[in-house]
Protein chains: 2
Amino acid sequence: MPMPSPALSAVELARTDLHASLADPSLEAVNFLNEIIDRYPSAISFAPGAPHPGFFDTLDLDGYIDRYTAYLADQQHLTRAQVRRRLFQYGPSRGLIGELIAEALRIDTGIDVSARSIVVTVGCQEAMLLALRALSVGPGDMLAVVTPCYMGIVGAARLLGVPLVSIGEGEAGIDLAQLVQTCKEVRKAGRRVKAVYVAPDFANPSGSFMDRPSRTALLALAAQEDFLILEDSTYGFTAHDDHALPPLKKLDCHRRVVYLGTFSKVCLPGTRVGFVVADQPVHETPPRDRLLADEIAALKTMVTVNTSPICQAVIGGMLLANGGSLAALAKEKATFYRRNLEHLLNALDRRIGRHGGIDWNAPSGGFFVRVRLPAVVNDELVELSARRFGVLWMPMQHFYPEPVESRELRLSCSYLSPEQIEAGVERLAAFVNHVRYR
Amino acid sequence: MPMPSPALSAVELARTDLHASLADPSLEAVNFLNEIIDRYPSAISFAPGAPHPGFFDTLDLDGYIDRYTAYLADQQHLTRAQVRRRLFQYGPSRGLIGELIAEALRIDTGIDVSARSIVVTVGCQEAMLLALRALSVGPGDMLAVVTPCYMGIVGAARLLGVPLVSIGEGEAGIDLAQLVQTCKEVRKAGRRVKAVYVAPDFANPSGSFMDRPSRTALLALAAQEDFLILEDSTYGFTAHDDHALPPLKKLDCHRRVVYLGTFSKVCLPGTRVGFVVADQPVHETPPRDRLLADEIAALKTMVTVNTSPICQAVIGGMLLANGGSLAALAKEKATFYRRNLEHLLNALDRRIGRHGGIDWNAPSGGFFVRVRLPAVVNDELVELSARRFGVLWMPMQHFYPEPVESRELRLSCSYLSPEQIEAGVERLAAFVNHVRYR
């Protein structure tokens, strides 16, 4: 802050008065993109990764809350007044619906953990922040991220001042040779890779999918190089049964995996309910029966105190209304998103074609397709695409922790209808041809 | 983490693998106290500062959500589908109900700020964390706190690694001479006091109230010494109209005050809705029309993305149902809490008496009374009080950032009925006599 004038004029903050995480270019990128969306409202947008809004038209909020409160009355024998206090008063920082989440994980993913190892969080974002804070001790503790990378984890690391190191995706979702090399180099420099963040199932933004040998090898590497894995499971539900692979957490015999979950995609984002599974024992003298989840719950008291019990009641009710499993709900949505994705890939084939420096991947699930252009893809190009061609998307450069020149962009299929996707790809083809032949 | 054995056994974290904030004694204190509460369920507890549970028995959640959705339809002309998407989808990180909060602040406190300067947060705790993070830049930036102090702000500072410096309460809620001295010393050491956290109205835990000259002087000092003030307004609503003083933010001509608010006490904790007012301009080249609130909203994307729109709808509906003001609701609750407080103070006079090294303050509002005993008040003494005398309270030592020996304890009047208060003070008298005459 500049020194005040003798007249004690109003404060004016300078950029240097604000935390470094606020100078992160990714925040600028989000602002810029929102501004473009506002400026070109008739553009068809492949930018948002939000769930399809059509799913909300029949959602019965009261019904789910009633379902959960009936459960509290019937199963936990609470009186009507006790039920109301459970919902309206402060609650435990680890949350109320850990048992229900543990049960759903068992049924839906085969992950078998105790309710004690679960902390309910304000969306997956808080789960990331808390897990990262709990594990990052000294300035030498680094987080490795597979890039391009979901910016939520990068933002959490920046806010906490945790240094990042980037690992490439390679062919199978993570370049394990590079990860080994990085662990060694970092150790030589007197630092250590304390945790590795990965989204093995159709990662945002690349749509990449980690094959089974890589999953096994990553877990072995975690034990060998002594790091924990932060597994982001957001898009796992979109996998077709024939192609689904077990989450890292299910394969995790040595408790190397901290599992990050969200109800935003299968249920709804508006509750802001996510969770973290952290069943790692904490060793102390004298010994106490502590898990990493207990530590994360303690940290949560410093961030949000507890997750809204009303919001937990909505999610709890949805779990109960679906027999304790989200499989049926997830299947319905997965079918929708896979149809959208197939439609998008099909339209790209029909209308654009992989030639002249243009290519894209073809994920079998998730929300995202990664398109390569024969030119650097930056914010000016988005602006051009919106203004002249009426179509929006995300430049891939915004999904790297460090400034990069990327020739890629991200398309998301989740928010649009098949008709909008078709019309959007038609516009995208005109834009791509402009880039291809200019 | 210990190096893995050749057999790649399960990970076991050591205390040194976890962030320093998790070693904070205050976390232990909370655990210890919860454990005592569990162990002596029939003890009358003056420990919790939570709102009185009786207020929740008639609260109409659906009605408030309906009220807010009707407002979206009528005032903002949203269709039914748009309303549902507003509630169920992701939303802006600054929140949806800034306009309604700005209006309520104007009516209820005379604070006149734009909706743009407000960010809706997950309780007041997130507001503290975000404001502190935005303003703390280098390792030399310190937060001054008036002690004894609400542990939420201490926890947020610990989590972020922001160093703290303690200021005494003095006679009038803050020892201004000590604050000036501290600013000077800190500056001499090459650091700076970047912000000062205060709760001028019946602070938790001391119940202290800042008089008008101190409020004015603190604001002048903020300009002179170039710091911002984080004003925690939680208990301001409990002041009797005859004694109420304007919040610092209302007196703040130079935008030195960041105002932290909560709906937990007047409305309900279960929504986890709070807010921060940060109308400080951020100067940049080239100039952009930015406020500190814009920066805090950007930081929020890294912590919780956005506050649940469903929870915001409940609070928005409560505001609308009360004519855009919380005054009537606040008055009803203030009357209840003041009656409880008077009852508590009266019972202390009747049953204990200020002699033999025993004394207490007599706040005219808030939830808390500070009692001094002729002995060091620690966890062993709580345990004794619960076990032998059936009454619980909080040792004041837990409300200091650094370990202290305190002879004080905190009583809270919010959670109990007058009958419970009477019976509790009877038990407390037996305990106090034991301490006085042992």
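Look up: the structure comes first, before these words.
Notes on the structure in this doc start here. Keep in mind that this is a model prediction, so the values were computed, not measured.

### Thoughts on the overall build of chain A
Inference 1: Of the regular secondary structure elements, chain A holds 14 helices and 16 strands.
Inference 2: In terms of C-alpha radius of gyration, chain A reaches 23 Å, essentially the compact-globule figure of 22 Å for 438 residues.
Inference 3: If one aligns the C-alpha atoms of chain A with their principal axes, the spans along those axes are about 70 × 65 × 55 Å.
Inference 4: Per-residue burial over chain A gives 63% buried out of 438 residues.
Inference 5: Contacts in chain A between residues far apart in sequence, at least 24 positions, make up 72% of those at least 6 positions apart.
Inference 6: Surface summary for chain A: the accessible area is close to 15900 Å², and the carbon and sulfur share equals 52%.
Inference 7: Separation of charge centres in chain A, based on 45 positive and 48 negative side chains, amounts to 2 Å.

### Structural notes on the interface of chain B and chain A
Inference 1: Each partner contributes residues to the interface: chain B has 94 residues there, and chain A has 94 residues.
Inference 2: When the two sides are added together, the surface that chain B and chain A hide from each other amounts to roughly 8100 Å², 60% of it contributed by carbon and sulfur.
Inference 3: Between the two partners, chain B and chain A, sit 8 salt bridges.
Inference 4: Viewed at the interface, chain A and chain B are joined by 42 residue pairs in polar contact (both at pLDDT 80 or more).
Inference 5: Looking at which element gives the most residues to the side of chain B that touches chain A, the answer is helix α5 (residues 123–135) of chain B, with 6 residues.
Inference 6: When its residues are assigned to classes, the side of chain B that touches chain A shows 49 nonpolar, 23 polar and 22 charged.
Inference 7: Here strand β10 (residues 281–283) of chain A runs beside strand β1 (residues 13–14) of chain B; their pairing, made up of 2 bridges, is parallel.

### Here we look at the sheet that holds strand β10 (residues 281–283) of chain B
Inference 1: Reading across the sheet, the 3 strands line up as β1(A)-β10(B)-β11(B) and stay open at both edges, with mixed pairing between neighbours. Each edge of the open sheet carries a strand with a single partner, namely β1 (13–14) of chain A together with β11 (290–291) of chain B.

### With respect to the packing of helix α2 (residues 61–75) of chain B against helix α11 (residues 309–321) of chain B
Residues and elements named next belong to chain B.
Inference 1: The interhelical angle for the contact between α2 and α11, taken along N-to-C directions, is 85 degrees, at an axis separation of 7 Å. What the angle tells us is that α2 and α11 run roughly perpendicular. The segment α2 lies against α11, with Leu-61, Tyr-64, Ile-65, Arg-67, Tyr-68 and Tyr-71 engaging Ile-310, Ala-313, Val-314, Gly-316, Gly-317, Met-318, Leu-320 and Ala-321.
Inference 2: Per-class residue counts for the contact of α2 with α11 are 11 nonpolar, 2 polar and 1 charged.

### Overview of the relation of the copies chain B and chain A
Inference 1: Of the transformation placing chain B onto chain A, the axial shift is 0.0 Å and the rotation is 180 degrees, giving an RMSD of 0.0 Å. Here the two chains are linked by the operation of a two-fold rotation axis. Across chain B, the smallest distance between a C-alpha and the rotation axis is recorded for Leu-160 of chain B, namely 3.2 Å.
Inference 2: Most of the interface of chain B is mirrored in chain A: 100% of its interface residues are interface residues there too.

### Some remarks on unusual backbone geometry
Inference 1: The residue after Thr-147 of chain A, namely Pro-148 of chain A, is reached through a cis peptide bond having omega 0 degrees.
Inference 2: The topology assignment puts Pro-148 of chain A in the loop between β4 (141–146) and α6 (151–160).
Inference 3: Residue Pro-205 of chain B is reached from Asn-204 of chain B by a cis peptide bond, and omega for that bond is 15 degrees.
Inference 4: With respect to the secondary-structure elements, Pro-205 of chain B resides in the loop between β6 (192–198) and α8 (212–225).

### Some words on a negative patch on the surface
Inference 1: The grouping of Asp-60, Asp-62 and Asp-66 of chain A together with Asp-60, Asp-62 and Asp-66 of chain B at the surface amounts to a negative patch.
Inference 2: Elements represented by at least two residues in the negative patch include exactly α2 (61–75) of chain A together with α2 of chain B.
Inference 3: Topologically, Asp-60 of chain A is positioned in the loop between β2 (44–45) and α2.

### Thoughts on the state of the cysteines
Inference 1: Following the criterion strictly, the structure yields 0 disulfides over all chains and no others.
Inference 2: Cys-149 of chain B takes part in no disulfide bond, and the closest cysteine sulfur, belonging to Cys-124 of chain B, lies 12 Å away.

### Side note on helix α12 (residues 327–351) of chain A
Inference 1: The first and last C-alpha atoms of α12 of chain A sit 35 Å apart over 25 residues, in line with the 36 Å expected at 1.5 Å per residue.
Inference 2: Once α12 of chain A ends, the next one or two residues include Gly-353 of chain A, with phi positive near 85 degrees.

### Points about the nonpolar core
Inference 1: Counting 176 residues, the largest nonpolar core has Leu-143 and Leu-230 of chain A together with Leu-143 and Leu-230 of chain B as its most contacted members.
Inference 2: Discounting chain neighbours no more than four positions away, the residues touching Leu-230 of chain B are Ala-131, Leu-132, Leu-135, Leu-143, Ile-153, Ala-195, Val-196, Tyr-197, Val-198, Val-258 and Leu-260 of chain B.
Inference 3: Counting residues in hydrophobic clusters, the runner-up holds 103 residues, among them Leu-61, Ile-65, Leu-105 and Leu-268 of chain B.

### So, helix α13 (residues 379–389) of chain B
Residues and elements named next belong to chain B.
Inference 1: Summarising burial for α13: 8 of the 11 residues are buried, a large majority.
Inference 2: Of the positions making up α13, those classed as buried are Asp-379, Leu-381, Val-382, Glu-383, Leu-384, Ser-385, Ala-386 and Phe-389.
Inference 3: Packing partners of the buried residues in α13 comprise α1 (25–39), β14 (391–392), β15 (394–395) and α14 (418–437).
Inference 4: Positioned one or two residues after α13, Gly-390 has a phi angle of 65 degrees, which is positive.

### Some words on the packing of aromatic side chains
Residues and elements named next belong to chain A.
Inference 1: Applying the stated criterion across every chain, the model contains 30 aromatic pairs over all chains.
Inference 2: Centre to centre, the rings of Tyr-259 and Phe-275 are 6.3 Å apart; their planes meet at 40 degrees, and the pair counts as tilted. Placement of the pair is Tyr-259 in strand β8 (residues 257–262) and Phe-275 in strand β9 (residues 273–277), with a sequence separation of 16 residues. Of the two residues, Tyr-259 and Phe-275, neither departs from the other in class, the shared state being buried.
Inference 3: Ring plane angle 40 degrees and centroid distance 5.5 Å describe the contact between Trp-393 and Phe-431, whose orientation is recorded as tilted. Separated by 38 residues along the polypeptide, Trp-393 in the loop between β14 (391–392) and β15 (394–395) and Phe-431 in helix α14 (residues 418–437) bring together distant segments of the chain.
Inference 4: Of the residues examined, Trp-393 reaches a relative accessible area of 0% and is grouped as buried.
Inference 5: The side chain of Lys-333 reaches across the aromatic face of Phe-55, ending 4.6 Å from its centre.

### A few points about the packing of helix α3 (residues 80–88) of chain B against α11 of chain B
All names here are of chain B.
Inference 1: At a minimum axis separation of 7 Å, α3 and α11 run at an interaxial angle of 110 degrees. Relative to α11, α3 is oriented roughly perpendicular. Contacts between α3 and α11 involve Arg-86, Leu-87 and Phe-88 on the former and, on the latter, Pro-309, Ile-310 and Ala-313.
Inference 2: The class makeup of the residues in the contact of α3 with α11 is 5 nonpolar, no polar and 1 charged.

Here is what the cut-offs are and how they apply
Residues numbered from 1 in each chain as written. Chains lettered and ligands numbered in written order. Predicted model: local features only at pLDDT ≥ 70, side-chain atom pairs only at ≥ 80, totals over all residues. Heavy atoms only, no water. Helix = DSSP H or I, 4+ residues; strand = E, 2+ residues; numbered from the N terminus. Rg over C-alpha atoms; globule rule 2.2 N^0.38 Å. Buried < 20%, exposed > 50% of the residue type's maximum accessible area, 1.4 Å probe, protein only. Contact = heavy atoms within 4.5 Å. Areas by Shrake-Rupley, 256 points an atom, 1.4 Å probe, with all protein chains shown as cover. Lys, Arg positive; Asp, Glu negative; His and termini not counted. Charge placed at Lys NZ, Arg CZ, Asp CG, Glu CD. Buried area = accessible area lost by both parts, 1.4 Å probe. Salt bridge = Lys/Arg side-chain N within 4 Å of Asp/Glu carboxyl O. Polar contact = N/O pair within 3.5 Å; in protein donor to acceptor, adjacent residues only side chain to side chain. Nonpolar A, V, L, I, M, F, W, Y, C, P; charged D, E, K, R; others polar. Pairing = 2+ DSSP bridges. Axes fitted to C-alpha atoms, helices over the stretch in contact; angles between N-to-C directions. Parallel < 35°, antiparallel > 145°, perpendicular 65-115°, else oblique. Least-squares fit on C-alpha atoms with pLDDT ≥ 70 in both. Patch = residues over 30% accessible without salt bridge, like charges linked within 9 Å, V, L, I, M, F, W, Y side chains within 5 Å. Disulfide = S-S within 2.5 Å. Expected span 1.5 Å × (residues − 1). Core = buried A, V, L, I, M, F, W, Y, C linked by side-chain atoms within 4.5 Å. Phe/Tyr/Trp six-rings, centres within 6.5 Å; stacked < 30°, edge-to-face > 60°. Lys NZ or Arg CZ within 6 Å of the ring centre and 35° of its normal.

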